[in-house]
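Structure assessment
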Amino acid sequence: MKTSFDHPSISVKSTDLELLRRFEPIVHYTKGEQFFPFDVERYVEECSLWAHYPDGREELLVKQEEMTLEKLVEERPATFGTIHFLRFIETLSLSESAQVLAEQSRLRKKLGKHFIVGMGRLARGGFLPRVADALFSLSLLMRGKVSPATAAAAELAYEKMHQENEKYTYYGRVVRQNGWTVLQYWYFFCYNSWRSGFHGVNDHESDWEMVTLYLYENDGNLFPEWAAFASHDFHGDDLRRRWDDREQMDLVNGHPMVYAGAGSHASYFRQGEYQAEVSLPQPGWLAGLSRAWNKFWTQTLGQNESNPFRIPFVDFARGDGLGIGEGQAKAWSPVLIDEETPWASLYRGLWGLFARDPVSGENAPAGPMYNRDGSPRSSWYDPLGFAGLDKTPPPPLALKLLEENCNEIRSRQDELKTLIPQKANELQVLGMKLKGLEDHPHLAKIYALLQKRINTVGEELRNLRRERMENGALLQGMTQRLEQVRSGVADNPHAHIQKMAVPVEAVEMRYARAAETWAAISLSLLVFAVAGLIFFAPSYLWAGLAVILILFVIAESILRGAFIQTVSRVTLVLALITTAIIFIEFWKYILVIVLVVLGIFLMLQRLREIAG
Amino acid sequence: MAKKKKKTGIKRPIAVTLTAVIITVLFFVRIYQAIKPLVEEKTLRTALALPIFADGNLTAHGMAVAESILFLLLAIGTMVVLIGFLHMRRWSWVFLMAWIGVSMVVDLGKYFYFGVPNYVFMISDVIIVFALSQADVQRIFGIRSDTGENII
């Protein structure tokens, strides 16, 4: 039974702030989370403003002591390629770094902010992904990166500001588009500590996250119909869930529940641990080679797809930490924003450190209205398209639109009913005329023109008949849909979802403890083994390395309960290598055999043809 | 009256038959390899009367006997796998795949370091691996589900 809490409503005359407050989400964070939604004004006051020029120079534009929101939005003409960015944490010396790291440790102990990772992400991936992970970690040395000391200093700075004025802010925006009333809740965080705090992909200063609700109007009231949460690796339709989808969405007094990823702050509908995957950045030729190999592996060899160079990362959205919102330990402080809000519309730079990371993972994001490159953010200017809702009318409009559409098709069918016989008749008349012109050479020109006309009319007639057939099928489908809508039968709430974010089930690995230990030490053991090979048996280095790698992979597969799959894959790869060797060694014989077989086949075919 | 054949209802794919034929050939090759050293050293004629060990080392006869026993064990193993394979037992698929894997590692090692692999074995190994990797074969042996997922 639907309750008013399940399907709450609010008068259409309510103010924007009342609307936002009525449906504001309840966000649950993971125990150990260090940063919560914060006030941008206070954050900006703690930052300095910088410009990064295309020649690599960096210039301090506004010192931290002088920084305000007004200063932030001042117009600053700059050459193409210039990046403006805030800096929350200044560069730290070695001693300062050591000091903040020690203070961070003390602070966590004092606040009891302990995060227990459980079965770590390394044990969830295989051996080869762990090798890829090591390469990814090494790539951070070459790419720009935010240091652990910066993360620690950010945590300390945030905690200090938080203690001075404990406030949990969201920036709410109300937009009306295509019959929908869209409520956007923007959350600003001083820092994204996914990598440094929770073994994730990246760290960056500042973070923006967003939850969007879509309401429709009926009888002077607004009702929520959809909710879309911004999340990694998901786009369009996959982001949204229907309000009555109890399987996928929790509600408390008409407020949707959001489970935020630890450190990443990505939003999820269900609490749990989500496995995100990141591909190692590859040069174009290697990516092409990898695609070709995958195609050969899956299509030619019929094997299941696998990419060892996709690194598994876990986004912990356990929801066992602080809860903010209706009925929770902490309440929200809402602030309304729109295109007229100066800091949102006039500042196009980054809201934190520009770490010079070419793949952008460690660079701070821009504000709610813009992307990192200063271009408009689609979720801001096209909130319906962002969740794939631009093609869906609000429920009360759907019936009307459907009826209109059906009526249009019906009247066109009536029209076609008259048009087709007329056209057919015209074609017959033309055909008769054409027949009359035959055997009269002096009428050749008229004959050709008439022939052309007949072709055109024939084509038109075929198109009309096809249209009538297609419309018939379309009308049948639309009528069924109309009946369904009229009878109030709800669609499958998951029908629009192609790829659903599903939490990883509690991993019941065989020898879980052994697997975890092995995951932690196996890569180092491999490095020791390589060192041993170089020292004791340098002439067998490659063969030894291959054998060791195979043994490691098989040991891993036993621990992970994937022995058969691994043996199958390894053996298949060995078979491919062996095949290549056989081709290299016996190409002449193979060519001769192929030619002889081809010759016999062709001869038999021809002889069969003669024999009839 | 002839005993009626028990029908399992599962049609054996051609790849399974081909693999079974190769395993049978390999069985006879192993038998030949088991007999060959004994014949060459005339061990059968002497009926093992000659000493196997001398001064703590294997004699030529001893080597022949050891080699023969090794190949005989391989032949028995091949026969066991063949029986399991013909009954389409899951363990025989796994055992055969692992065995072929090891055999290929040995042959590749020989090729890269000594240049004298047994090409006949290499070819038969490749054929068996490709045959065992066929989706319908894997389904019959319970390695892969009907949806294409590995059942492991």
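Residues numbered from 1 in each chain as written. Chains lettered and ligands numbered in written order. Predicted model: local features only at pLDDT ≥ 70, side-chain atom pairs only at ≥ 80, totals over all residues.

1. Regarding the overall build of chain B
Scanning chain B from N- to C-terminus turns up 6 helices and 2 strands. Ordered by position from N to C terminus, the α and β elements of chain B give α-α-β-β-α-α-α-α. Looking at chain B as a whole, 24% of its 152 residues qualify as buried. Taking the contacts inside chain B whose residues are at least 6 apart along the sequence as the reference set, 58% of them involve residues at least 24 apart. (Helix = DSSP H or I, 4+ residues; strand = E, 2+ residues; numbered from the N terminus. Buried ≥ 20, exposed ≤ 12 C-beta atoms within 10 Å, placed from the backbone. Contact = placed C-beta atoms within 7 Å.)

2. Here we look at the packing of helix α4 (residues 90-113) of chain B against helix α5 (residues 119-132) of chain B
Residue and element names in this part refer to chain B. Two elements in contact, α4 and α5, have axes separated by 10 Å at closest approach and are oriented at 145 degrees. Crossing angle aside, the handedness with which α4 passes α5 is left-handed. Side by side, α4 and α5 meet where Trp 93, Leu 96, Met 97, Ile 100, Ser 103, Met 104 and Asp 107 of the first sit next to Phe 121, Met 122, Asp 125, Ile 128, Val 129 and Leu 132 of the second. A per-class count over the contact of α4 with α5 returns 10 nonpolar, 1 polar and 2 charged. (Axes fitted to C-alpha atoms, helices over the stretch in contact; angles between N-to-C directions. Left-handed = near helix turned anticlockwise from the far one by under 90°. Nonpolar A, V, L, I, M, F, W, Y, C, P; charged D, E, K, R; others polar.)

3. Some remarks on the domain arrangement of chain A
Split by domain assignment, chain A resolves into domain 1 (10-279 + 315-386), domain 2 (395-486) and domain 3 (512-611). Between domain 1 of chain A and domain 3 of chain A, the C-alpha centre-to-centre distance is 46 Å. (Domains from an automatic or database assignment.)

4. Structural notes on the sheet that holds strand β3 (residues 48-52) of chain A
Within a beta sheet, neighbouring strands are joined by backbone hydrogen bonds and run either parallel or antiparallel to one another. Residue and element names in this part refer to chain A. Pairing is antiparallel across the open sheet formed by 3 strands, whose spatial order is β4-β3-β5. Only two strands of the sheet have a single neighbouring strand rather than two, namely β4 (58-62) and β5 (83-87). Recorded for the sheet is a direction-independent mean angle of 30 degrees between the axes of neighbouring strands. Inspection of the sheet shows β3 paired to β4 by 4 bridges, in the antiparallel sense. Considered in β4, the bridge of Ala 51 is made with Glu 59. (Pairing = 2+ DSSP bridges.)

5. As for the interface of chain A and chain B
Accessible area lost upon the coming together of the parts serves often as the stated size of an interface. Counting from both sides, the interface comprises 20 residues of chain A and, opposite them, 26 residues of chain B. Of all the elements in the fold, those that place two or more residues in the side of chain A that touches chain B are α16 (541-560) and α17 (563-611) of chain A. When residues of the side of chain A that touches chain B are assigned to their parent elements, the largest contribution, 14 residues, is made by α17 of chain A.

6. Considerations on the pairing of strand β9 (residues 221-229) of chain A
All names here are of chain A. With 7 of 9 residues buried, β9 is to be regarded as a mostly interior element. Across 8 bridges, the pairing between strand β8 (residues 204-218) and β9 is antiparallel. What sits directly across from Thr 212, in β9, is Ala 228. Between β8 and the antiparallel strand that follows it, β9, lie 2 residues; Asp 219 among them carries a positive phi value of about 50 degrees. Note: β9 against strand β10 (residues 240-242), 3 bridges, orientation antiparallel.

7. Description of the packing of helix α1 (residues 14-40) of chain B against α5 of chain B
Residues and elements named next belong to chain B. At a minimum axis separation of 9 Å, α1 and α5 run at an interaxial angle of 150 degrees. Taken together, α1 and α5 sit at an angle that is classed as roughly antiparallel. Our pair here, α1 against α5, has a crossing hand that is left-handed. Across the interface between the two elements, Ala 15, Leu 18, Thr 19, Ile 22 and Leu 26 of α1 pack against Ser 124, Ile 127, Ile 128, Ala 131 and Leu 132 of α5. For the contact of α1 with α5, the class distribution of residues is 8 nonpolar, 2 polar and no charged. (Parallel < 35°, antiparallel > 145°, perpendicular 65-115°, else oblique.)

8. A closer look at helix α7 (residues 148-164) of chain A
Residues and elements named next belong to chain A. Spanning 17 residues, α7 covers 25 Å between terminal C-alpha atoms, matching the ideal 24 Å at 1.5 Å per step. Within the span of α7, buried status applies to Ala 149, Thr 150, Ala 151, Ala 152, Ala 153, Ala 154, Glu 155, Tyr 158 and Glu 159. Buried-residue contacts for α7 involve α4 (94-111), β7 (180-192), α8 (194-198) and β8. (Expected span 1.5 Å × (residues − 1).)

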